[in-house]
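Inside the fold
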Amino acid sequence: MRILILGPQGSGKGTQAKRLADAHGIAHLATGDILREAVSARTELGVRVAPILERGDLVPDDLMIELIRQRLEVEDGFVLDGFPRTLPQAQALDVMLDEIGKPLDVVVLLEVRDEVAVSRLHGRAGEEGRADDSPEAIANRLRLYHELTEPVTQQYRAAGALVEVDGEKGIEEVAAQIEQALAGTRLGSG
Ligand code: ADP
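Right, let's walk through the structure included here. Since the model is a prediction, treat every value here as computed from it, not as a measurement.

Here we look at the overall build of the protein
- The helix and strand inventory of the protein stands at eight helices and five strands.
- Along the chain direction, N to C, the helices and strands of the protein fall in the order β-α-β-α-α-α-β-α-β-α-α-β-α.
- In summary, the protein has a C-alpha radius of gyration of 16 Å against a globular reference of 16 Å for 190 residues, a match within 12%.
- Projected onto its principal axes, the C-alpha coordinates of the protein cover approximately 45 × 35 × 30 Å.
- Looking at the protein as a whole, 43% of its 190 residues are labelled buried.
- Restricting the contact set of the protein to residue pairs at least 6 apart, pairs at least 24 apart contribute 74%.
- Accessible area of the protein: about 9,600 Å², with a carbon and sulfur share of 51%.

Structure follows, in structure tokens:
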């Protein structure tokens, strides 16, 4: 099974993606985790992206597309989390999945209001010790989400490919709603 999960920072996207990967025995491809690992390992990539992550800015599209291409090629089933974040990334993803014959089964959008997202993010800052949980970086990440990632969600919505779930509900309830959506797509695809 191949799932794309979208949603703003603080929507619980990472939590749900992890749960989905465990429950269905598929890979959790989280671009933020991959980048943070590169930063801690001080690889060439890590050194290059560290200041970008710290500001809450976006890593250049070409770099992200190459990074994700390598993972998609080796995984059969996956939950994609954190990519695509821009229209060029979405376009590239479309082409890649088509080339390797691995279409997505479902695209899930977790919706939360900004005020809820911000209070969740401020709540977890310090707990996780992420460099990008400063108030400035949080504001920047949400601003970029609205400006660059929301158009991606609109595109999937317009294509009729989007399952929208209320991310303000509790973790279990959100998980149940996502499972319901997955069951629906499996029935739908015969
Ligand atoms: P969040 O969604 O909370 O901002 P992530 O862990 O998904 O956190 O991403 C952390 C950071 O990694 C982003 O702020 C950005 O700098 C970088 N990043 C992750 N995915 C992408 C992507 N697809 N395109 C560009 N930058 C990305």
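Some thoughts on the site of the ligand
- Neighbouring residues of the ligand: 18 residues in total, closest Thr31, Asp57, Gly82, Arg85 and Arg141.
- Taking Arg36, its side chain carries an N or O atom lying 2.9 Å from an oxygen atom of the ligand.
- For the ligand, whose free accessible area comes to 540 Å², the fraction covered by protein is 95%.
- Considering each element in turn, the shell around the ligand owes the most residues, four residues, to helix 2 (residues 31-40).

Considering the packing of helix 2 against helix 3 (residues 44-55)
- It is the contact of helix 2 with helix 3, at a shortest axis distance of 8 Å, that shows an interaxial angle of 115°. Judged by the angle between their axes, helix 2 and helix 3 are roughly perpendicular. In this structure, helix 2 meets helix 3 at a crossing whose hand is left-handed. The residues of helix 3 that touch helix 2, namely those facing Leu35, Arg36, Ala38 and Val39, are Leu45, Gly46, Val49, Ala50 and Leu53.
- Split into classes, the residues belonging to the contact of helix 2 with helix 3 amount to seven nonpolar, one polar and one charged.

About the cut-offs
Residues numbered from 1 in each chain as written. Predicted model: local features only at pLDDT ≥ 70, side-chain atom pairs only at ≥ 80, totals over all residues. Heavy atoms only, no water. Helix = DSSP H or I, 4+ residues; strand = E, 2+ residues; numbered from the N terminus. Rg over C-alpha atoms; globule rule 2.2 N^0.38 Å. Buried < 20%, exposed > 50% of the residue type's maximum accessible area, 1.4 Å probe, protein only. Contact = heavy atoms within 4.5 Å. Areas by Shrake-Rupley, 256 points an atom, 1.4 Å probe, with all protein chains shown as cover. Near = heavy atom within 4 Å. Polar contact = N/O pair within 3.5 Å; in protein donor to acceptor, adjacent residues only side chain to side chain. Axes fitted to C-alpha atoms, helices over the stretch in contact; angles between N-to-C directions. Parallel < 35°, antiparallel > 145°, perpendicular 65-115°, else oblique. Left-handed = near helix turned anticlockwise from the far one by under 90°. Nonpolar A, V, L, I, M, F, W, Y, C, P; charged D, E, K, R; others polar.

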